[in-house]
Amino acid sequence: MKRVLGWILLSLSWPMLVQAQSTETINVQGLSAPVDVFTPATGIPSITASSETDAAFVQGYIHARDRFWQMDFNRRLASGTVSELVGSSALGTDIQLRTLGFRRDAWQTYAASSQALRAQLRSYANGVNAWLASNPLPPEYGALELTAAEPWVPVDSLAFAKLLAFNLSADLGEIDLTVTIGTYQAVGDAVGFDGTALFFEDTHRQAPPDGRVTLPDFLSSIGVLGQKREQLSASKTFPKIDPEQLTLAENLLGKMRSNPVMNRILEQGPEEKGSNIWMISGALTDTGSPIIANDPHLSLDTPSVFYPIHINVRDANGNEPLNVAGVAFTGAPLIAQGCNSTLCWGSTVNPIDEGDFFFETLRFNTLGLPTHTIYQGQEEPIIWIVQSYFANQLDGQPDNLERLNVGVDAGGITFIVPRRNNGPILDLSGGQGISFQYTGSGPTFEVEAFQAMAKAADVDEFAVAVQQFDFGSQNFGAADIFGNIGYFTPAEVPIRSDLQLLNGPDGGIPPLFIRDGTGALMHEWLPLENPQPGQSTPSEILPISETPTSINPASGFLANANNDPVGTTLDNNTLNQVRPGGGLYYLNQSVYASYRQGRLDRLIEDAVASGDPINTADVVSWQGNNQMLDAELIVPHLLTAFANAGDASAWPVLAGVAADPQVQEVVALLTQWDFSSPTGIPEGYDPGDNPFALGAPSEQEIMNSVAATVYAQWRSLMIQNTIDATLSAVGLGNNRPSSTLAFNAFKNLLDTFDTNQGIGASGLNFFTNPDAPDAESARDFLILATVRQSLDLLASDEFAPAFANSTDVMDYRWGKLHRIVLDHPLGGPFNLPNGLYGLSTVEGLDGIPRSGGYQVLDASTHNVRADTLNGFMFGSGPARRFVGNMTPGGPQALQVVPGGQSGVLGDPNYANQLYPWLGNAFLPLQLDPDQAAADAASQLRFEPTP
């Protein structure tokens, strides 16, 4: 603990952060008054302006100076014009993202936005363009043979905001899940098992493996808990998927799989999108003030997702309408997470169901293009949008763009369905298509919500501000200096006709799958009758009174780590709870994360039970916790299997594998393991390490590291030997559940083994062994034999670059497998590590060795099926770590991001914050403009010119 705090206090002395003092004046058009930018050794700028529009101008300028490539790439991604940067290889991405229409929706948002926001967006764009007019482009453009970039326009900022919200909230898994359950049903009918039960009860369970809930009393407080409607259990009444519709869904899924951006969203479903946030009441802390902590989990790329910044606006009369510090998304004039003088806030992903896919029946013209959808027997016109695509030729000739030939039915025309909130048709075949309706279509006001949050004086004002956050489904947490803590989930949940009016067939097709667009099953969103404050969706949504919310709970703390906030999934059925006054209370049918909240909840509860006040050091330590809760809950099954094998009456084959000396060595290690996951190597970065002088691991760290390695490999192979092997045996090897779902299924089989003997609700036996005398022996043999299999694999040629074919168990150090590369879209020298900046690596292995593991609190998840040298690497995690103590004099806050302030390769700040991030240390979050000026290593003054 002292070591961690020591690095917090010493962070400013680290050599990578040192800069020489300098002063520079820049004369620009577009300002009403001078603006100063003070930058300390950390490289984090502090803007002091006399108006918000002037602050937005300078924010745009310095964003462009430090991150223009990132900004340009993101706006092109949102607009479907990436091919114009990187060439025709991105055409598929452009077509699908332009079909979704983030830029179309951004134009509508701009038109509907307040005059104040439009003025700031214009000023921000002017600042970006002022930088572009007088500075060379970043190095990426030279590699792409481009000598100029398009000017920034206000809609660029909103288009990227739309894409970001979609990426955080949209669940494209409905397509995959429709294909999966349809295939399960068809194969089950042919082979002789229950394919529907296989999906809902065995492999795609909604019940969390560790049932910690953020607001355990919320449902009862609004009159929901205890009211059930069992006949709506989808696992009992789900209809068969039509074969033609199944083929259409398979085709669309294939197209999305071939698109790197869409496939990333598919692979990182709701259960993989993460963040942690918790707020501790002052009644439980050593200072008597609340403490708030947040670490949003996004892709760990280069440049970093977030840009740390401080913005102070003080007018001529001494009024201070804005003083906010935190992290921004480059490309927009906002602070996404941060603090003002009296309040701090953060967020985690809340995967509520904000959209539906529909099978549409279509009418075509003589050219074979769709002109109408059919709803309740009536034709309804489709809107056509003609598209043109261009690509950078990369042929040695600078700025050579050429138009691409794209068929009118392959992306050359986007087909819009007005009934679907003007959502698009994503794919079509024969007489049918698949459309998409979601609450983010049309004008939404997330940027205005962020700006309102930045000005909220206390938790009550924050509660009003978040009501403008229409799309992007977040759990927001806030704490103020007046002693209040709060939790809010403001995004808009559409109310479906069949679920509210119960006017569809019992069971029907739940929103987890592609729904019926013809009107026959009453799957429409209800017309708007009861508009909510700040609502943008033109349909009925769940009222604010029924969205999970809590201020100053009796428990004294609030925490969410993408777990089920209120407990609707605990019984594995989200379709059986009734709203006050009728209709189903429905939030989400996606799979929540579980183990991070499980660990966090236990840590906080243990601290409260101890009676000792919680302090900042405790919170910092928890944020760096890398104990595997899944292992804590699973290893007892392995130890039980070993104990059973030692029984005198045990099956000889089972006793034989348990007698293996290396298996016994592993069991001894797991028995002593504290479930932490240190790197165990001198080159590895662990919480509390000095990142500039890494030391040798202790004997205990080595033992824990080896235990983490062997357990992780055993876990992977156990999933393959149970879930995957059973599915493959019946012809479903291509329809496996995702990483998280597969492990949840495996844990459920172990937890229910005494009752079910390894046989799922489908009737399939997941522990089949015809030679075993009984089910328990079959299970125990597979568990222990997989330990032996894991050791053989770790000693194999596949892992030789890490372990040199060693058969010594103690050589299997976790840091040689659990590594990270912070990827750049162009790869190569732009990635981190890249041989520059002095980052520690292991010779012959890609990436930076780092502690962590599957769903640990210090997020660093890898695929639980990993069985290769690079399979345990991770690519997402804390895009920002933040801890704030809400003292009466103002927030005392710390933060750090994984990378650098600058995104320009060769800049000293390209990786300057990565070092403290790797050691779970922090930099100060500066909110005092006078102190920022005093601490400045450099100053920029922007002077207005006529």
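Read on for a plain summary of the structure.

What counts and how
Residues numbered from 1 in each chain as written. Predicted model: local features only at pLDDT ≥ 70, side-chain atom pairs only at ≥ 80, totals over all residues. Heavy atoms only, no water. Helix = DSSP H or I, 4+ residues; strand = E, 2+ residues; numbered from the N terminus. Rg over C-alpha atoms; globule rule 2.2 N^0.38 Å. Buried < 20%, exposed > 50% of the residue type's maximum accessible area, 1.4 Å probe, protein only. Contact = heavy atoms within 4.5 Å. Lys, Arg positive; Asp, Glu negative; His and termini not counted. Charge placed at Lys NZ, Arg CZ, Asp CG, Glu CD. Phe/Tyr/Trp six-rings, centres within 6.5 Å; stacked < 30°, edge-to-face > 60°. Lys NZ or Arg CZ within 6 Å of the ring centre and 35° of its normal. 1 Å grid on protein atoms, 1.4 Å probe; cavity = no way out; pocket = protein on both sides within 12 Å on 5 of 7 lines; lining within 4 Å. Points joined across faces, edges and corners; volume = space filled by probe spheres on them. Nonpolar A, V, L, I, M, F, W, Y, C, P; charged D, E, K, R; others polar. Polar contact = N/O pair within 3.5 Å; in protein donor to acceptor, adjacent residues only side chain to side chain. Core = buried A, V, L, I, M, F, W, Y, C linked by side-chain atoms within 4.5 Å. Disulfide = S-S within 2.5 Å. Pairing = 2+ DSSP bridges. Axes fitted to C-alpha atoms, helices over the stretch in contact; angles between N-to-C directions.

Further remarks concern the overall build of the protein. Counting its regular elements, the protein contains 30 helices and 30 strands. Over its C-alpha atoms the protein spans a radius of gyration of 28 Å, differing by no more than 12% from the 30 Å that the globule rule assigns to 946 residues. Buried residues in the protein amount to 64% of all 946 residues. Look at the contacts in the protein between residues 6 or more apart in sequence, and 74% of them connect residues 24 or more apart. Counting 47 positive and 100 negative side-chain charges, the protein places the centres of these two groups 3 Å from one another.

Bringing the packing of aromatic side chains into the picture now. Throughout the structure, instances matching the rule amount to 38 aromatic pairs. Three or more aromatic residues joined by ring pairs form one cluster here, namely Tyr595, Trp673, Phe675, Tyr711, Trp714, Phe743, Phe746 and Tyr854. Against the face of Tyr389 rests Arg98, its NZ or CZ located 4.0 Å from the ring centre. The ring centre of Trp917 lies 5.5 Å from the NZ or CZ of Arg850, which sits over that ring.

Scanning all chains against the criterion turns up eleven cavities of 30 Å³ or more. Its boundaries defined by the atoms lining it, the largest cavity holds a volume of some 270 Å³. The wall of the largest cavity is formed by 26 residues, among which Leu164, Leu168, Phe329, Ala336 and Phe450 lie closest to the centre. Put simply, the parts of the chain that give the lining of the largest cavity at least two residues each are α8 (154-169), β4 (274-280), β5 (291-299), β9 (343-349), α16 (446-455) and β19 (474-480). The greatest single-element share of the lining of the largest cavity, amounting to six residues, is contributed by α8. Residues belonging to the lining of the largest cavity are distributed by class as follows: 17 nonpolar, eight polar and one charged. Of the volumes computed, that of the second largest cavity is approximately 150 Å³. Lining the second largest cavity are 15 residues, with Gln120, Ile311, Leu322, Pro333 and Gln451 positioned closest to its centre. Residue assignment for the lining of the second largest cavity shows that the elements contributing at least two residues are α2 (52-79), β7 (322-329) and α16. Looking at the lining of the second largest cavity residue by residue, the class counts come to ten nonpolar, three polar and two charged.

With respect to the helices and strands, Asp395 occurs in the loop between β14 (389-392) and β15 (401-404). In this structure the C-alpha to C-alpha distance between Asp395 and Gln115, which are 280 residues apart in sequence, comes to 45 Å. Of note is the side chain of Asp395, whose polar atom sits 2.6 Å from the side chain of Asn400.

Counting residues in hydrophobic clusters, the biggest one holds 191 residues, and the most contacted among them are Trp345, Met453, Phe462, Trp673, Tyr711 and Phe942. The next biggest cluster of nonpolar side chains, apart from the first, holds 28 residues, and it includes Ala325, Tyr585, Met886 and Leu925.

This part takes up the state of the cysteines. Applying the stated rule across the entire model yields one disulfide. Across a sulfur-sulfur distance of 2.1 Å, Cys339 and Cys344 are joined as a disulfide pair. Torsion about the S-S bond of the Cys339 and Cys344 cystine: about 105°, corresponding to right-handed handedness. By relative accessible area, which is 0% here, Cys344 ends up buried.

A few words now on the sheet that holds strand β22 (residues 549-551). Ordered in space as β1-β30-β2-β3-β6-β7-β8-β9-β19-β20-β22, the eleven strands form an open sheet in which the pairing is mixed. Both outer strands of the open sheet, β1 (22-28) and β22, are each paired with one neighbouring strand and no more. For this sheet, the mean inter-axis angle between neighbouring strands, taken without regard to orientation, is 15°. The pairing of strand β2 (residues 35-39) with strand β30 (residues 938-944) spans five bridges and is antiparallel. Across the sheet, residue Asp36 finds its bridge partner in β30, namely Arg941.

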